[in-house]
Amino acid sequence: SKRVEKEQVVSISQLLCLQFLAEQENFKTNAAKLKAFLNLNASTISGILRRLEKKGFIAKLPKASDKRITLISLTANGIDCKRFHLKNGKLLLRS
């Protein structure tokens, strides 16, 4: 439906972020690893993560062993979004 498509609209960078998280142990990573994988600067990564969190595709959680570190975790909605794009073989880009 159109509503589902509108909710699933992501940029290529956002989809790459979701894909990276999907490949990590327990679907979690930190911003530094994501930054290295995407080869983007910290402010760009922050913006991507902020938009993904707002859409409910990721959650930011404090690391249990070190509260100073924030882990980025893929949510069920994020997994669904990634699957939606892979299944449909298309990327719904923001306009």
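Scroll up a little and you will see the structure.
Owing to the predicted nature of the structure, the values given are computational and were not obtained by experimental measurement. (Residues numbered from 1 in each chain as written. Predicted model: local features only at pLDDT ≥ 70, side-chain atom pairs only at ≥ 80, totals over all residues. Heavy atoms only, no water.)

S.K.: Tell me about unusual backbone geometry, and please be specific about residues and values.
M.R.: Its identity as a non-glycine residue notwithstanding, N26 has a phi of 60 degrees, on the positive side. Considering the arrangement of structural elements, one finds N26 in the loop between α2 (12–22) and β1 (28–30). The class of N26 is exposed, set by a relative accessible area of 58%. (Helix = DSSP H or I, 4+ residues; strand = E, 2+ residues; numbered from the N terminus. Buried < 20%, exposed > 50% of the residue type's maximum accessible area, 1.4 Å probe, protein only.)

S.K.: Summarise the nonpolar core; cite the residues concerned and give the values.
M.R.: C17, L18, L34, L49, L52 and I58 are the most contacted members of the largest nonpolar core, which totals 19 residues. At the level of secondary structure, the elements contributing two or more residues to this core comprise α2, α3 (31–38), α4 (42–54), β3 (66–74) and α5 (76–88). Of the residues forming this core, the biggest block, six residues, is contributed by α2. Residue contacts for L49: discarding those within four places in its chain leaves C17, A31, L34, I58, K60 and I72. (Core = buried A, V, L, I, M, F, W, Y, C linked by side-chain atoms within 4.5 Å. Contact = heavy atoms within 4.5 Å.)

S.K.: Describe α4, listing the residues and the values that go with them.
M.R.: Taking 1.5 Å of rise per residue, the 13 residues of α4 would be expected to cover 18 Å, and the 18 Å separating its terminal C-alpha atoms lies within 8% of that figure. On the buried face of α4, the contacting elements are α2, α3, β2 (58–63) and β3. (Expected span 1.5 Å × (residues − 1).)

S.K.: Quick rundown of α3? Include the residues and the values.
M.R.: One side-chain oxygen at the N-terminal end of α3 lies 3.1 Å from the backbone nitrogen of A32; it belongs to N30. Just downstream of α3, N39 is the residue with a positive phi angle, here 55 degrees. (Polar contact = N/O pair within 3.5 Å; in protein donor to acceptor, adjacent residues only side chain to side chain.)

S.K.: Lay out the sheet that holds β3 with the relevant residues and their values.
M.R.: Two strands in a sheet stick together by hydrogen bonds in their backbones, pointing the same way (parallel) or opposite ways (antiparallel). Read from one edge to the other, the open sheet built from three strands follows the order β1-β3-β2, with strand pairing classed as antiparallel. Of all strands in the sheet, those with a lone pairing partner are β1 and β2, marking the two edges. Adjacent strand axes in the sheet meet at a mean angle of 40 degrees when their direction is disregarded. Where β1 lies against β3, three bridges are found, and the strand directions are antiparallel. Note on β3: the bridge partner recorded for N30 is L71. Along the sheet face, α2 touches β1, β2 and β3 and points at about 105 degrees away from the line of β3. Along the sheet face, α3 touches β1 and β3 and points at about 85 degrees away from the line of β1. (Pairing = 2+ DSSP bridges. Axes fitted to C-alpha atoms, helices over the stretch in contact; angles between N-to-C directions.)

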